[in-house]
Amino acid sequence: MRFFDWFRLSRRRDDSADKARERLTVLVALDRQGGGGPDFLPLLQKELLEVIRKYVEIDQDKVNVDFQSGTGFSTLEVNVELPNRLLEARAS
Amino acid sequence: MSKVIVVTSGKGGVGKTTSAAAIGTALALRGKKTVIIDFDVGLRNLDLIMGCERRVVFDFINVINDGIRLNQALIKDKRVENLSILPTSQTRDKDALSQEGVEKVIDELRKEFDYIICDSPAGIEKGAYMALYHADEAIVVTNPEVSSVRDSDRILGILSSKSKRAEHGDAPVKTHLLLTRYDLDRVQRGEMLKLDDVLEILAIPVLGVIPQCGSVLQASNLGMPVVLDDKSKAGQAYKDAAARLLGEDIELRFVNPEKRGLVDWLFRRSA
């Protein structure tokens, strides 16, 4: 009964829908990254990161592996973002 | 030009069959020659929702594998002109669906019907692939709930990569969001994902929002598509969705709180 809802107004508003939205946004973005490409992509990404880390200290999210399948051929795009200070160190 | 529309979701229990039955019926009520096909081989339920379960003699699988003519398996609805149902088999499994067999049936139906509604099984196994393969458009049925939204996103990925249109490099399957079991009270209390949240995540246009409504269960109890219940809000929302499918520009209903008088407000009266 709406009349009694009046007393519930003092209660905290449930914010679980906001939590759901946040979790889903992250999850769906991850799903989309992983989807469509071959199974070995995550492992490839991890190993590439390890190899690069032997030479340069970079964060986990700085290696991006993107797989595009087209008609006849597919492309694998690897993007590695290097920190600024590396270039500065080399220049000096 | 006939259109093949798959009603799909990934997740089970979100209202695919209810929606396929309701939208198919609504299209037929608008004068479009419509057939609804049950692709859920082994878990035949469309006939039950449509109330023609006792009239099934031959089915989709008999047409594909046993040389039964399509006209022997099609069931004409007794309430709505222009509406037919193609039931599936309750005893066989998804392997009974062959790519060529399904293609042949769809091609034949295209000659006779304006709209071919494919009611997909849940999951992303063979049955679901078969149901979406020939689609020109897809209605992605989603509940405002995390697992359903995630699965819908997965199905959207499959539609854009595994459908016939994708394989042939044709224009992509046109996708529509149908948000079902929408409980406005819970949305307002912050307990349920709202339409805008789901739209933002899935990024496809909305075909309709179906309010949570007791009349849906009632209609299924009776074997009557919910659009035939004039008093049902869900039925009205499905009719709106069908009209949008036909290209009409209709404002969404049941997504904003109704204005209520003081007495209604005090006693929380709702239709």
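Residues numbered from 1 in each chain as written. Chains lettered and ligands numbered in written order. Predicted model: local features only at pLDDT ≥ 70, side-chain atom pairs only at ≥ 80, totals over all residues. Heavy atoms only, no water.

Draft legend 1. Representation of the overall build of chain B. Summing up its helical and strand segments, chain B has 13 helices and 8 strands in all. For a compact globule of 271 residues, the expected C-alpha radius of gyration is about 18 Å, and chain B comes in at 18 Å, within 12% of that figure. When the backbone C-alpha atoms are referred to their principal axes, chain B occupies close to 65 × 40 × 35 Å. Put simply, chain B has 271 residues, and 53% of those count as buried. Restricting the contact set of chain B to residue pairs at least 6 apart, pairs at least 24 apart contribute 74%. Positive and negative charge centroids in chain B, built from 38 and 39 side chains respectively, lie 3 Å apart. (Helix = DSSP H or I, 4+ residues; strand = E, 2+ residues; numbered from the N terminus. Rg over C-alpha atoms; globule rule 2.2 N^0.38 Å. Buried < 20%, exposed > 50% of the residue type's maximum accessible area, 1.4 Å probe, protein only. Contact = heavy atoms within 4.5 Å. Lys, Arg positive; Asp, Glu negative; His and termini not counted. Charge placed at Lys NZ, Arg CZ, Asp CG, Glu CD.)

Draft legend 2. Fine view of the environment of B:P205. Residues and elements named next belong to chain B. Relative to the helices and strands, P205 resides in the loop between α10 (195–202) and β8 (206–211). Along the primary structure P205 and Q99 are separated by 106 residues, whereas in three dimensions their C-alpha atoms are 30 Å apart. Contact partners of P205, with chain neighbours within four places excluded, come to T175, H176 and L177.

Draft legend 3. Focus on the confidence of the model for chain A. Overall, the prediction assigns chain A a mean pLDDT of 77, with 71% of residues at 70 or greater. The weakest mean pLDDT in chain A belongs to helix α1 (residues 2–8) of chain A at 57; the strongest belongs to helix α2 (residues 16–34) of chain A at 87. (pLDDT = per-residue confidence, 0-100.)

Draft legend 4. Molecular detail of the confidence of the model for chain B. Taken residue by residue, chain B gives an average pLDDT of 95. The fraction at 70 or more is 97%. The ipTM for the predicted assembly is 0.82, set against a pTM of 0.82.

Draft legend 5. Examining unusual backbone geometry more closely. Residues and elements named next belong to chain B. If you check the backbone angles, N82 has positive phi at about 70° while not being a glycine. Its place among the elements puts N82 in the loop between β3 (75–76) and β4 (83–86). Owing to a relative accessible area of 26%, N82 belongs among the partly exposed residues under this scheme. A positive phi angle is found at F254, which is not glycine, with a value near 65°. Tracing the chain through its elements places F254 in the loop between α12 (233–245) and α13 (262–267). You can call F254 buried: its relative accessible area is 18%.

Draft legend 6. Highlighting the sheet that holds β3(B). Residues and elements named next belong to chain B. Ordered in space as β3-β4-β2-β5-β1-β6-β7-β8, the 8 strands form an open sheet in which the pairing is mixed. Single-partner strands in this sheet number two, and they are β3 and β8. In the sheet, strand β2 (residues 34–38) pairs with strand β5 (residues 115–119) via 5 bridges, with the strands oriented parallel. The residue of β5 that forms the bridge with D38 is D119. α10 rests against β6 (137–142), β7 (174–182) and β8 of the sheet, and its axis sits at about 150° to β7. (Pairing = 2+ DSSP bridges. Axes fitted to C-alpha atoms, helices over the stretch in contact; angles between N-to-C directions.)

Draft legend 7. Region of the structure containing the packing of helix α1 (residues 16–29) of chain B against α12(B). Residues and elements named next belong to chain B. Their axes nearest at 9 Å, the elements α1 and α12 cross at an angle of 65°. α1 and α12 meet at a crossing whose hand is right-handed. Seen from α1, the contacting residues are T18, S19, A22, I23, A26, L27 and L29; seen from α12, they are Y238, K239, A241, A242 and L245. Grouping the constituent residues of the contact of α1 with α12 by class yields 9 nonpolar, 2 polar and 1 charged. (Left-handed = near helix turned anticlockwise from the far one by under 90°. Nonpolar A, V, L, I, M, F, W, Y, C, P; charged D, E, K, R; others polar.)

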